[in-house]
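As a plain string of letters, each chain reads:
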Amino acid sequence: MTVQTLTITESQHEAEARLFKALMHPARLAILDILRGGEACVCHLEAALSYRQAYISQQLMVLRDAGLVQDRRDGWNVFYHVIQPQVFAILDAARLATAQSGPSSAGRKAAGRLENCACPNCCSDSGTSPG
Ligand SMILES: [Zn+2]
């Protein structure tokens, strides 16, 4: 009878380990940091992180398989957003645990507009036509 409890605990730890596995990559942490400010499309992540799109898609796939993010197709763009906001508490704890000396510098960057990005979020007012 008591064995059952142990089994539940084990599978729970396995699930937690899977979560940490999904988080265990600098690029994926950077992606989550951006998605903290709201949903972002792949090209936005590409511009913000200077990784190739294929690489970012690969990392997003891991996060999606782990049930952390979800994609939303809108025309030509695919937007990603976090569906497990609890993950940010883990990121915060990790940041505190690894914080170097000095006051908390603004490491948190909201999903603001980027000059080198052409996603709908970055150029919301499309009134000018070049050429
Ligand atoms: Zn953008």
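Up top you'll find the structure we're talking about.
Residues numbered from 1 in each chain as written. Predicted model: local features only at pLDDT ≥ 70, side-chain atom pairs only at ≥ 80, totals over all residues. Heavy atoms only, no water.

Caption draft 1: Structural detail: the coordination of the zinc ion. Surrounding the zinc ion are the protein donor atoms H44 (ND1), C117 (SG), C119 (SG) and C122 (SG), at 2.1 to 2.3 Å. For the zinc ion, the 4 donor atoms in the first shell make angles of 93 to 116° at the metal, so the coordination geometry reads as tetrahedral. Of note, the donors binding the zinc ion are all from one chain and are spaced H-x72-C-x1-C-x2-C. In this pair, H44 is assigned in helix 3 (residues 42–49) and C122 in the segment after helix 5 (87–97), connecting sequence segments 78 residues apart. Comparing H44 with C122 shows no difference in burial state: the two are buried. (Donors = N, O, S within 2.8 Å, 3.2 Å for Na, K, Ca; no water. Tetrahedral: all angles 85-135°; square planar, octahedral: opposite > 155°, others 65-115°. Helix = DSSP H or I, 4+ residues; strand = E, 2+ residues; numbered from the N terminus. Buried < 20%, exposed > 50% of the residue type's maximum accessible area, 1.4 Å probe, protein only.)

Caption draft 2: View of the packing of helix 2 (residues 26–35) against helix 5. Where helix 2 contacts helix 5, the two axes come as close as 11 Å, and the packing angle between them is 120°. When the axes of helix 2 and helix 5 are compared, the crossing they make is left-handed. Here L29, L32, D33 and L35 of helix 2 come into contact with helix 5, specifically with V87, F88, L91 and R95. Counted by class, the contact of helix 2 with helix 5 contains 6 nonpolar, no polar and 2 charged residues. (Axes fitted to C-alpha atoms, helices over the stretch in contact; angles between N-to-C directions. Left-handed = near helix turned anticlockwise from the far one by under 90°. Contact = heavy atoms within 4.5 Å. Nonpolar A, V, L, I, M, F, W, Y, C, P; charged D, E, K, R; others polar.)

Caption draft 3: Here's a closer look at the sheet that holds strand 3 (residues 77–82). Spatially, the 3 strands line up as an open sheet ordered 1-3-2, and their pairing is antiparallel. Since the sheet does not close on itself, it has two edges, and those belong to strand 1 (40–41) and strand 2 (69–74), each with one partner. One ladder, built from 2 bridges, connects strand 1 with strand 3; its direction is antiparallel. Within strand 3, the position partnered with C41 by the bridge is F79. Sheet strands in contact with helix 4 (residues 53–65) are strand 2 and strand 3, and its direction is about 120° off that of strand 2. (Pairing = 2+ DSSP bridges.)

Caption draft 4: View of the side chain of Q59. Mapping Q59 onto the fold places it in helix 4. A relative accessible area of 3% means that Q59 is categorised as buried.

Caption draft 5: How the structure looks around the packing of helix 2 against helix 4. Relative orientation of the contacting elements helix 2 and helix 4 amounts to 80°, with a least axis distance of 10 Å. Judged by the inter-axis angle, helix 2 sits roughly perpendicular to helix 4. Along its contact with helix 2, which presents A27, R28, I31 and L32, the element helix 4 presents Y55, I56, Q59, L60, V62 and L63. (Parallel < 35°, antiparallel > 145°, perpendicular 65-115°, else oblique.)

Caption draft 6: Here's a closer look at the pattern of salt bridges. Evaluated as defined, the whole model comprises 6 salt bridges. Taking the shortest distance from any N to any O, the salt bridge between R64 and D71 comes out at 3.3 Å. Residue classification places R64 among the partly exposed positions, given a relative accessible area of 31%. Two residues, D74 and R72, come together in a salt bridge whose shortest N-O distance is 3.8 Å. A relative accessible area of 41% means that D74 is categorised as partly exposed. Through salt bridges with shared partners, a single network forms among D33, R36, D92 and R95. (Salt bridge = Lys/Arg side-chain N within 4 Å of Asp/Glu carboxyl O.)

Caption draft 7: A look at the nonpolar core. Ranked by size, the top nonpolar core spans 21 residues in total, and within it I31, L32 and V69 carry the most contacts. Those elements that provide at least two residues to this core are helix 1 (2–23), helix 2, helix 3, helix 4, strand 3 and helix 5. Take this core: its biggest share by element is 4 residues, from helix 2. Counting residues in each nonpolar core, the second largest holds 6 residues, with C41, A47, C117 and C122 among its members. (Core = buried A, V, L, I, M, F, W, Y, C linked by side-chain atoms within 4.5 Å.)

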